[in-house]
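What the coordinates show
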Amino acid sequence: MGGIFFESSTGASHTEDFFVDNGGKDNKKKKRRSRRSKQNCTLSACSSASEICTDESRLLGDESSSNHVVSSGHNQQEIECNVDLRSMPEVHLNKQVADENLKFVSNVIHEEPDTVGPILIARPVDNHARRKVYPPHLSAEAVTKGLEANEGGLLSAIFHVNAHNSLEAYCKIDGVQSDVLISGMMAQNRAIEGDTVAIVIDPPSLWPRMKGSNEIPNNPNSLQLHQALVQIGCDNACSSSNMVIQDNGVVQENGPISCGDGFTDNGLSRDVYESMNTLEKLCTLVSLLPSKRPTGRVVAVIEKSPRRDNVVGFLSVKQWIYSRVNKRRNSRKNKHQADVDDGIFLIPNDPKLTKMMVCVENLPGSIRTFLEAGDLTIESFLVAAKIVDWADESYIPEASVIQIFGRGSDIDAQIAAILFEHAIDASEFCSEALSLVPQIPHEELQSRRDLRNSCIFTIDPATASDLDDALSVERLPNGVFRVGVHIADVSYFVLPDTPLDSDAQSRSTSVYLLQRKLSMLPPLLSDNLASLNPGVDRLAFSIVWDIDSAGVVLDRWIGRTVIHSSCKLSYEHAQEIIDGAFDAKNTKLYGQFEWCDVIKSVKSLHEVSKVLKENRFRSGALSLENSKIGFLFDEEGLPYDTVVTGRKDSNFLVEELMLLANKTAAEVITRAYPSCALLRRHPEPNARKLLEFEAFCGKHGLKLDTSSSVHMHNSLEQIREELKNDSSLFGILMSYAARPMQLASYFCSGDLKHNNGEWCHYALAVPLYTHFTSPLRRYSDIVVHRTLAAVLDAEDNFRKARRRSGKKLTEREVVNGFFLTGLRVCEEEVESVEAREALGVAAKKYGVFSTENLSVVAAHCNEKKLSSRRVKDAIDRLYMWALLKRKKILYSEARVLGLGPKFMSIYISKLAIEKRIYYDEVEGLRAEWLVATSSLLLSYSIHKRPNRKGSPSKFRPIEETAMIVSPIDLEIEKTDNLEPSVFPLTLHLLSTIPVALHAIGGDDGPLDIVARLYVSSYFH
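In short, a report on the structure. Within each chain, residues carry numbers counting from 1 in the order of the written sequence. Note on the predicted model: pLDDT of at least 70 is required for a residue's local features to be given, and 80 or more for side-chain atom pairs to be given and counted; whole-chain, interface and lining totals, by contrast, use all residues. To obtain the side-chain values, all non-hydrogen atoms of the structure were included, while hydrogens and water were left out.

Moving on: the overall build of the chain. Strands are runs of DSSP state E lasting at least two residues, helices are runs of H or I lasting at least four, and both sets are numbered from the N terminus onward. Across its full length, the chain carries 28 helices and 37 strands. Counting all 1020 residues of the chain, 53% fall into the buried class. Should any heavy atoms of two residues lie within 4.5 Å, those residues are considered in contact. Long-range pairs, those at least 24 residues apart, make up 71% of the contacts in the chain between residues at least 6 apart in sequence. With residues, only the protein chains shown are counted as cover, and all accessible areas are computed by Shrake-Rupley using a 1.4 Å probe. Carbon and sulfur atoms make up 50% of the accessible area of the chain, which totals about 47400 Å². Relative accessibility thresholds used throughout: buried, under 20% of the residue-type maximum; exposed, over 50%; partly exposed, between the two (1.4 Å probe, protein chains only).

Take a look at the structure:
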């Protein structure tokens, strides 16, 4: 579709971008006002009459004009406005502003059509008649050339949007310590959250200073560094040539950048810098300018995000209905008036997505029925949509509605919308997949090591039905512990290239919705045949270690086994055993063992796990442990209260052994298949966010060392001790500490074969890690199981071949022959021709993926795991909203995290959420910053407005910021024993204040929780 313009329901207009003509005797006044507004909006960047301002400020509010772009029909060069966005306070732009992108449309709400003035409606227009709003994207050929290592200028990255300010986006590039800021509509250039984009980096002179940086702007050292950067030619771009984007999206190179000669004071020469590729240049600049944040702009969308096909939101139809009434009224006077199709707006639930235009003629029939009847209730229904186009002539994208979920206040409709938005497959399993589940022949049991006479048990959440892992322990005569981790052998049932395997790979992970789950595998497998249920024989993959009292692994064995679990313990049961308070009355025991055997085993495992945990943190592991909020549900499945939950020793017991098993599996499969092992890595924290966190701690007198993971962990433990009497503040700090952490991800070892330094897991401080212990709910673990099965098969065949060849076996080979899975390995054997041949045959037998195919699987697993996590977070927010909707108002204490010119950030420990309270342009409220005490003073008066320019209609009512109650009412009704504050209110960082929380949205928009100051006053 084409671009859109906004028309009045009563006629045409004289302006080129927006058409408003009210007609009647007020025309002259309207024109005069229009001329005055044009004069006020004039930008110095409009250098000629042929240039047309793409009036971004009309769509995004006044503050967006700072990133204005001017384009003519023949030249698509970007010209910046005199206003510098970086000179504004960092909190000046916020989501509230971004939500007013189209406020002149969405705010025109009237009770009766008779009183309607000019109604502005989104309408499709002819592309050929419109000037371009955005710069054209580069051609695919130009992008390919620009991404080449030494040719230039472009970098590929995932595009992410700030949820609080949609005008601010960022791209994280692997290998670069800081993310790249993409600020403003024109710089974002029609990219959507999750797109893979090609970006160009701005000159370093345009990079803003990071929060928490102590560098003084324009200091002599900075100027010297700037001159040095210019001398080596890196102040113009990260490419070796000037790049101009022509109208057809082709890159034209204008020759090399002029650079100085010789070495600079920083030891970097022009020749060395120009020999670097684009990524190396950016890394160099970031290291030279650690206090600056790189900026850039999008020049192409390489791969469109799946989010484009999964948009959830509400339709805004009031303007369309009122306009239609006016058209019918006018058509009686002018019978020749054409009946044109109008557009309506879709407001997405996700604040990271922009508003969209939907053509009425393409709407489903059920929605058109509402519109034809003039029924506004359609605005209360959640709809699913997809983006179909975003041309460079259009301010906003065009979308197409797919289906209706139901009313926004309905929990089931919200859950369905959440699953759709994150592309979660909630369909039933096909009968073909279930019919191919293999049976277990007697020969299979005989081929495995039989551990049915060992005391084995599971420890899981009380409600778990898919039991992936079981544990065992035996104390040897020499005092060494023989510890076993036994994982459900799912790869025996899910065979490669079968419908069941395809279905599992597509779903990739189980999704948990608090009260139910969407399994990756059919319940026949996940809850029955493959689950390690007690009292029945089950197939397992086992890893057994000999561990001494110091936590050192002396030996290990890996193999496929058959086990018989004695009992199913919950974490609560295991904790009671550790605490010596276990009551076995309500827990069933199977097999030959007594409860005393199980209790002894749990206590031994606890002893081992404590030593393993101490060793792990001593080696540099980092823990950001924090309490979580859980829900209590009534008989109807609705939340009625919350509880604070935290992990205990029983949780850490299981965790330590699972971590050891995952680490062991990673070592074995990487040794055997160095180019096609599925591993998991965790990059170092985001440098910018880590600097902000360090500055936050420093402001409050807390010393934090972030030079390494071990130092950061030790610092946090010391802070925990200092704040032992203020658990609320420490919880806030841990929440902040998690923000710089980047997401862990799966990868194929062959993709980073020459970059082994990028394989490590930062938080665990281990060089190799994978997922092996949860194959019932993660497809990645099934892939690892198949690889491990191939290793075992190759090891067995290699040993048999050595025996057939008559070669003498070493003493170790006589015992077990574990040259691949054992603790001590002979590299010559691993790299021998016989070993490589055996591994190749086994890889084909067990369906080990090639490097290319495994890369695709890893990317899909990453995508689905992230989607599952987002679904969990969205479900938590949904039930939190439902709880507050039920309670009407929840009173709670909050801590002030930040104070700005427009709003304060607060943290509500009771709900473990962070919210904002806006106090700018509020009727009767005055905000004053007290420099001497670094505090904010909020005063309220019912007689005078704040001393600010502007119409009174711009001020928000005080009720949006504060819930003001009379002291008389307080005596009648107590509010959770929480005393309200009073005006004038003095606030500083980490102040404790009372707030009132309530739920909004549902039938009238996206779900949200609003926080207001809780204040008492006789004068309200």
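Okay, back to it.
Whenever a helix is involved, its axis is fitted only over the stretch in contact; in every case the axis is a line through C-alpha atoms, and angles between N-to-C directions fall within 0 to 180 degrees. Between helix α23 (residues 779-804) and helix α27 (residues 851-887), whose axes approach to 10 Å, the crossing angle comes to 150°. As the angle between them shows, α23 and α27 are arranged roughly antiparallel. Residue-level contacts link Tyr779, Ser780 and Val783 of α23 to Leu854, Val857 and Cys861 of α27. A class-by-class count of the residues in the contact of α23 with α27 yields five nonpolar, one polar and no charged. Any angle between 65 and 115 degrees counts as roughly perpendicular, while under 35 counts as roughly parallel, over 145 as roughly antiparallel, and the rest as oblique. Residues are grouped as follows: Ala, Val, Leu, Ile, Met, Phe, Trp, Tyr, Cys and Pro are nonpolar; Asp, Glu, Lys and Arg are charged; all remaining types, including Gly, are polar.

Two elements in contact, helix α21 (residues 709-722) and helix α22 (residues 727-738), have axes separated by 10 Å at closest approach and are oriented at 165°. As judged from the angle between their axes, α21 and α22 are roughly antiparallel. For α21 against α22, the interelement crossing comes out right-handed. Facing α21, whose interface residues are Met712, Leu716, Ile719 and Arg720, α22 presents Phe730, Leu733, Met734 and Ala737. Classifying every residue of the contact of α21 with α22 by side-chain character gives seven nonpolar, no polar and one charged. Handedness of each helix crossing follows the sense of rotation of the near helix against the far helix: counterclockwise by less than a right angle gives left-handed, clockwise gives right-handed.

Glancing now at the pairing of strand β37 (residues 1005-1016). Note: strand β34 (residues 962-965) against β37, four bridges, orientation parallel. Bridging from a neighbouring strand, Val965 pairs with Ser1016 of β37. Note: two strands are recorded as paired if DSSP finds a minimum of 2 bridges between them. With antiparallel pairing between neighbouring strands as the criterion, strand β36 (residues 992-1002) and β37 make up a hairpin whose turn holds two residues.

The next subject is the environment of Ile321. Along the chain, Ile321 turns up in helix α10 (residues 318-333). Measuring from C-alpha to C-alpha, the distance between Ile321 and Leu376 comes to 8.4 Å, with 55 residues separating the pair along the chain. Once residues within four sequence positions are removed from consideration, Ile321 is found in contact with Leu371, Gly374, Asp375 and Leu376.

For this analysis, a salt bridge means a side-chain nitrogen from Lys or Arg found within 4 Å of a carboxyl oxygen belonging to Asp or Glu. In this structure the tally under the stated criterion is 41 salt bridges. Measuring nitrogen to oxygen at the nearest pair gives 2.5 Å for the salt bridge that ties Lys318 to Glu379. Taken together, the residues span a long stretch of sequence, with Lys318 in helix α10 and Glu379 in the loop between α11 (365-372) and β15 (381-389) at a distance of 61 residues. Among the residues examined, Glu379 registers a relative accessible area of 13% and is labelled buried. Salt-bridge contacts for Lys872 lead to Asp876; the nearest nitrogen and oxygen are separated by 3.3 Å. Of this pair, Lys872 and Asp876 both sit in helix α27, four residues apart, roughly one helical turn. Residue Lys872 is classed as partly exposed on the basis of its relative accessible area of 43%.

Bringing unusual backbone geometry into the picture now. Of the consecutive residues Phe983 and Pro984, the connecting peptide bond is found in the cis state with omega at -5°. Inspection of the secondary structure puts Pro984 in the loop between α28 (967-972) and β35 (985-987). Phi is positive for Asn189, which is not a glycine, with a value near 50°. Of note, Asn189 is situated in the loop between α6 (185-188) and β8 (196-201). Accessibility expressed as a relative area gives 2% for Asn189, which makes it buried. A positive phi angle, close to 70°, is found at Ser508, a residue other than glycine. Along the polypeptide, Ser508 turns up in the loop between α15 (499-507) and β21 (511-512).

Another point: a nonpolar patch on the surface. A surface patch of nonpolar side chains, about 510 Å² in accessible area, is lined by Ile942, Ile968, Tyr1018 and Phe1019. Mapped onto the elements of the fold, Tyr1018 is located in the segment after β37. Its relative accessible area of 62% is what places Tyr1018 among the exposed residues. Patch criteria: residues need more than 30% relative accessible area and no salt bridge. Like-charged residues are merged within 9 Å; nonpolar side chains of Val, Leu, Ile, Met, Phe, Trp and Tyr are merged within 5 Å.

Structurally, Ile344 can be placed in strand β13 (residues 343-348). On a C-alpha basis, the gap between Ile344 and Cys359 in space is 6.5 Å, while along the polypeptide they are 15 residues apart. In this structure Ile344 touches Leu315, Ser316, Val317, Trp320, Met356, Met357, Val358, Val360 and Leu363, once residues within four positions along its chain are discounted.

The sheet built from five strands is open, its strands ordered β7-β6-β5-β8-β11 with antiparallel pairing. Each having just a single partner strand, β7 (180-183) and β11 (296-303) make up the two edges of the open sheet. Averaged over all pairs of adjacent strands, the angle between their axes in this sheet comes to 40°, without regard to strand direction. Of the pairings in the sheet, the one linking strand β5 (residues 155-162) to strand β6 (residues 165-172) comprises five bridges and is antiparallel in character. Paired with Val161 across the two strands is Ala169, which belongs to β6. Where helix α5 (residues 140-147) meets the sheet, its contacts fall on β5, β8 and β11, and the angle it forms with β11 comes to roughly 115°.

Across the sheet, which stays open at both edges, the six strands sit in the order β31-β30-β29-β36-β37-β34 with mixed pairing between neighbours. In this open sheet, the two strands that pair with only one neighbour each are β31 (913-918) and β34. This sheet shows a mean twist of 45° between the axes of neighbouring strands, independent of strand direction. Strand contacts of α22: β29 (890-899), β30 (903-908) and β31, with the helix running at about 55° to β29, the strand carrying the most contacts. Lying over the sheet, α27 contacts β29, β36 and β37, oriented at roughly 100° with respect to β36.

Here the aromatic set is Phe, Tyr and Trp, taking the six-membered ring for Trp, and pairing holds for ring centres within 6.5 Å; pairs whose planes are under 30 degrees apart are stacked, those over 60 apart are edge-to-face, and all others are tilted. Taken as a whole, this structure holds 14 aromatic pairs when the rule is applied. When the ring of Tyr891 is compared with that of Tyr1014, the centres are 4.7 Å apart and the planes differ by 50°; the resulting orientation is tilted. Pair noted here: Tyr891 is in strand β29 and Tyr1014 is in strand β37, with a separation of 123 residues, a long-range link. The buried category is assigned to Tyr1014, whose relative accessible area is 0%. Joined through ring pairs, the aromatic side chains of Phe631, Phe633 and Tyr879 make up one cluster. Whether a charge lies above a ring is judged from NZ of Lys or CZ of Arg, which has to be within 6 Å of the ring centre and within 35 degrees of the ring normal. Just above the ring of Phe652 sits the side chain of Lys613; from NZ or CZ to the centre is 3.6 Å. Here the guanidinium or amino end of Arg739 rests over the ring plane of Tyr736, the centre of that ring lying 4.1 Å away.

Once that is clear, we can look at the environment of Gln414. In this fold, Gln414 is placed in helix α12 (residues 411-421). Relative accessible area serves as the criterion here: at 4%, Gln414 is assigned to the buried category. Sequence-wise, Gln414 and Ile875 are 461 residues apart; in three dimensions their C-alpha atoms are separated by 8.9 Å. Among all residues touching Gln414, those that are not within four sequence positions of it are Leu382, Gly408, Leu878 and Leu1007. N or O atoms closer than or at 3.5 Å make up a polar contact, with two conditions inside protein: a donor-capable atom paired with an acceptor-capable one, and, for residues adjacent in sequence, both atoms drawn from side chains. One polar contact links the side chain of Gln414 to the main-chain carbonyl oxygen of Gly408, over a distance of 2.7 Å.

The next thing to look at is the nonpolar core. Nonpolar cores were defined as sets of buried Ala, Val, Leu, Ile, Met, Phe, Trp, Tyr and Cys residues, with membership established by side-chain atoms within 4.5 Å. Residues Phe457 and Leu471 are the most contacted members of the largest nonpolar core, which totals 100 residues. Discounting chain neighbours no more than four positions away, the residues touching Leu471 are Cys455, Ile456, Phe457, Ile459, Gly484, Val485, His486, Leu605, Leu653, Val654, Leu657 and Met658. Of all hydrophobic cores here, the second largest spans 48 residues; its members include Ile875, Ile917, Leu936 and Ile958.

Moving on to the state of the cysteines. Defined by distance alone, a disulfide is two cysteine sulfur atoms within 2.5 Å. Inspection of every chain in the model, using the stated rule, returns zero disulfides. You can see Cys455 has no disulfide; the closest cysteine sulfur is in Cys567, sitting 7.1 Å from it.

Below, the discussion takes up α5. Burial in α5 covers these residues: Ala142, Val143 and Gly146. Taken end-on, α5 shows its buried residues confined to a sector of 100°, consistent with a single buried face. Opposite the packed face of α5, turned more than 90 degrees from it, sit the exposed residues Ala140, Glu141 and Thr144. Taken from the helix axis, the directions to the C-beta atoms give the arc we talk about.

Scope: geometric values only; no functional claims are made or implied.
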